[in-house]
Amino acid sequence: MDGAALEREFKALIEADSRIEPRDWMPDEYRKTLVRQISQHAHSEIIGMQPEGNWITRAPSLRRKAILMAKVQDEAGHGLYLYCAAETLGVERAELIDLLNAGKQKYSSIFNYPTLTWADVGAIGWLVDGAAITNQIPLTRCSYGPYARAMVRVCKEESFHQRQGFELLYALSRGTPEQHAMAQDAVDRWWWPSVMMFGPPDGESVHTEQSMAWRIKRFSNDELRQRFVDMTVPQAEMLGLTLPDPQIRWNEDRGHYDFGECDWDELRRVIAGDGPCNRQRLAHHVQAHEEGAWVREAAAAHARKHAATASAAA
Ligand code: FAQ
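Residues numbered from 1 in each chain as written. Predicted model: local features only at pLDDT ≥ 70, side-chain atom pairs only at ≥ 80, totals over all residues. Heavy atoms only, no water.

A word on the overall build of the protein chain. Helix and strand content of the protein chain: 13 helices and two strands. For 314 residues, the compact-globule estimate of 2.2 N^0.38 gives 20 Å, and the protein chain sits close to it at 21 Å. For the protein chain, with 314 residues in total, the buried portion stands at 48%. Pairs at least 24 residues apart make up 77% of the contacts formed inside the protein chain by residues separated by at least 6 positions. (Helix = DSSP H or I, 4+ residues; strand = E, 2+ residues; numbered from the N terminus. Rg over C-alpha atoms; globule rule 2.2 N^0.38 Å. Buried < 20%, exposed > 50% of the residue type's maximum accessible area, 1.4 Å probe, protein only. Contact = heavy atoms within 4.5 Å.)

Structure below.
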């Protein structure tokens, strides 16, 4: 088939809402966009282990510690599915990790904020996982098969994460006045960064239009942001906590909550590497990667030995 016919076939698959699979022809830019988004997503899961991992040794009970360890392990698992999905596009996981460590690939802005108290673990589960699910459920219908399939399991686990965050904050909010204040303080600090996780406003988003045409993204950044606010406001009422935005109010005409404007300069700064914890997060990842070199070498030596034994036996 010539190039034009391949392109027609690709477009027809997209129009029919079919899946593009690794064996299928795809335009270079489609492949590039997917590698960019999937690798950023994978890096976010892996770097995202750090803020909560910070509290594993200080969780207030065995039950809370077991839950938190399981959650952080789930995030490692999500990172691995996503690196595997990226590898189906012809890149190597090692190459992507090198790019992350060199500061040449991004991860989500949200993981550059500090976890100052135990309540932050609840706020991350409730708000950050809540935002992650809102963004990721439509990705289960992404046009690229391996990414869409990875998202199905990820979303199931994220929804458990979101509920544990809600339950943790619910307990704190109904605890002592000090615990209630701690929960409120965490929500005050995590609300706006969570609202900004959805990316720049539609007018400034460089990739949305093309990604929606390719059915990688199904909704724009602002559409998903609105969906998140609509879902979260009633939950905050159930928690007995307030969201730090005096402009939040139900708009009968729109059928949505109105809300205030994000500090887009802050988002730009954090994305550019100048958030409260960017340097610390990356330095920690680089150090863990260097300290794990012996594991990778041992695994490679074992694989070589196994291959040599197998070929001698053949
Ligand atoms: N942070 O044109 P757009 C999780 C960049 S969930 C950093 O709108 P696009 C679970 C963007 O990459 C978090 N960078 O881009 C968890 C682009 O830069 P580039 C991860 C951001 O791709 C929970 C530029 O700005 N989720 O980890 C951010 O159409 C709890 C222009 O932006 C995903 O990655 C940001 N917030 O839309 C783990 C979901 N926003 O690449 C642990 C998949 C934008 O040209 C604990 N990704 N940028 O250099 C997506 O849905 C999309 O990529 C968006 C951005 C919506 C993030």
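Let us keep going from here.
On to the site of the ligand, then. Not every one of the 35 residues close to the ligand is listed here, only the nearest: Lys106, Ser205, His207, Lys217 and Asn221. For the ligand, an oxygen atom lies 2.8 Å from a polar atom in the side chain of Ser205. In isolation the ligand has 1,100 Å² of accessible area, and contact with the protein removes 91% of it. At the level of elements, helix 2 (28-47), helix 4 (62-87), helix 6 (119-136) and helix 7 (145-173) are the ones that each hand at least two residues to the shell around the ligand. For the shell around the ligand, the leading source of residues is helix 2, giving six residues. Split into classes, the residues belonging to the shell around the ligand amount to 12 nonpolar, 14 polar and nine charged. (Near = heavy atom within 4 Å. Polar contact = N/O pair within 3.5 Å; in protein donor to acceptor, adjacent residues only side chain to side chain. Areas by Shrake-Rupley, 256 points an atom, 1.4 Å probe, with all protein chains shown as cover. Nonpolar A, V, L, I, M, F, W, Y, C, P; charged D, E, K, R; others polar.)

Our focus in this paragraph is helix 6. Since the α-helix packs 3.6 residues into each turn, any two residues three or four apart lie on the same face. The terminal C-alpha atoms of helix 6 lie 25 Å apart, and with 18 residues this matches the ideal 26 Å at 1.5 Å per residue to within 8%. When you tally the buried positions in helix 6, you get 17 out of 18 residues, the bulk of the element. (Expected span 1.5 Å × (residues − 1).)

Our focus in this paragraph is the pattern of salt bridges. Tallied over the full model, the rule gives 19 salt bridges. Residue Lys71 is joined to Glu75 by a salt bridge in which the shortest nitrogen-to-oxygen separation is 2.6 Å. A residue pair is termed a helical-turn pair when its members lie 3 or 4 positions apart in one helix, as Lys71 and Glu75 do in helix 4 at four residues. Note that Arg153 is salt-bridged to Glu157, the shortest N-O span being 3.2 Å. With Arg153 and Glu157 both in helix 7 and four residues apart, this pair spans about one turn of that helix. Sharing partners across several salt bridges, the network here consists of Glu15, Asp17, Arg215 and Arg218. (Salt bridge = Lys/Arg side-chain N within 4 Å of Asp/Glu carboxyl O.)

Its identity as a non-glycine residue notwithstanding, Asp17 has a phi of 60°, on the positive side. For Asp17, the location among the structural elements is in the loop between helix 1 (3-15) and helix 2. On the basis of relative accessible area, Asp17 is assigned to the partly exposed category, the value being 44%. One non-glycine residue, Arg215, adopts positive backbone phi at about 55°. Mapped onto the elements, Arg215 comes out in the loop between helix 9 (208-213) and helix 10 (221-239).

Under the relative-accessibility criterion, Glu157 is labelled buried at 17%. Those residues in contact with Glu157 that sit more than four places away from it in its chain are Asp74, His78 and Tyr81.

The next thing to look at is the nonpolar core. Counting residues in each nonpolar core, the largest one holds 46 residues, and the members touching the most others are Trp118, Trp126, Trp190, Trp191 and Leu243. When residues of this core are traced back to their parent elements, those giving at least two are helix 4, helix 6, helix 7, helix 8 (177-196), helix 10 and helix 11 (264-271). If one sorts the elements of this core by residue count, helix 6 sits on top with eight residues. (Core = buried A, V, L, I, M, F, W, Y, C linked by side-chain atoms within 4.5 Å.)

Running from N to C, helix 2 and helix 5 (residues 93-101) cross one another at 70°; their axes reach a closest spacing of 11 Å. By the angle between their directions, the pair helix 2 and helix 5 is classed as roughly perpendicular. The segment helix 2 lies against helix 5, with Val35, Ser39, His43 and Ile47 engaging Leu96, Ile97 and Leu100. Tallied by class, residues from the contact of helix 2 with helix 5 come to five nonpolar, two polar and no charged. (Axes fitted to C-alpha atoms, helices over the stretch in contact; angles between N-to-C directions. Parallel < 35°, antiparallel > 145°, perpendicular 65-115°, else oblique.)

Where like charges cluster on the molecular surface, the negative patch consists of Glu87, Glu92, Glu95 and Asp98. For Glu92, the location among the structural elements is in the loop between helix 4 and helix 5. (Patch = residues over 30% accessible without salt bridge, like charges linked within 9 Å, V, L, I, M, F, W, Y side chains within 5 Å. Lys, Arg positive; Asp, Glu negative; His and termini not counted. Charge placed at Lys NZ, Arg CZ, Asp CG, Glu CD.)

Tallied over the entire structure, the rule returns nine aromatic pairs. Ring geometry for Trp191 and Phe228: centres 5.7 Å apart, planes at 20°, overall stacked. Of this pair, Trp191 sits in helix 8 while Phe228 sits in helix 10, placing them 37 residues apart in sequence. Like Trp191, the residue Phe228 is buried in the burial classification. Among the aromatic residues, those joined into a cluster by ring pairs are Phe10, Trp25, Tyr30 and Trp214. Taking NZ or CZ as reference, Arg58 lies 3.9 Å from the ring centre of Trp55, over its face. When the ring centre of Phe219 is taken as origin, the NZ or CZ atom of Arg227, which lies over that ring, is 4.2 Å away. (Phe/Tyr/Trp six-rings, centres within 6.5 Å; stacked < 30°, edge-to-face > 60°. Lys NZ or Arg CZ within 6 Å of the ring centre and 35° of its normal.)

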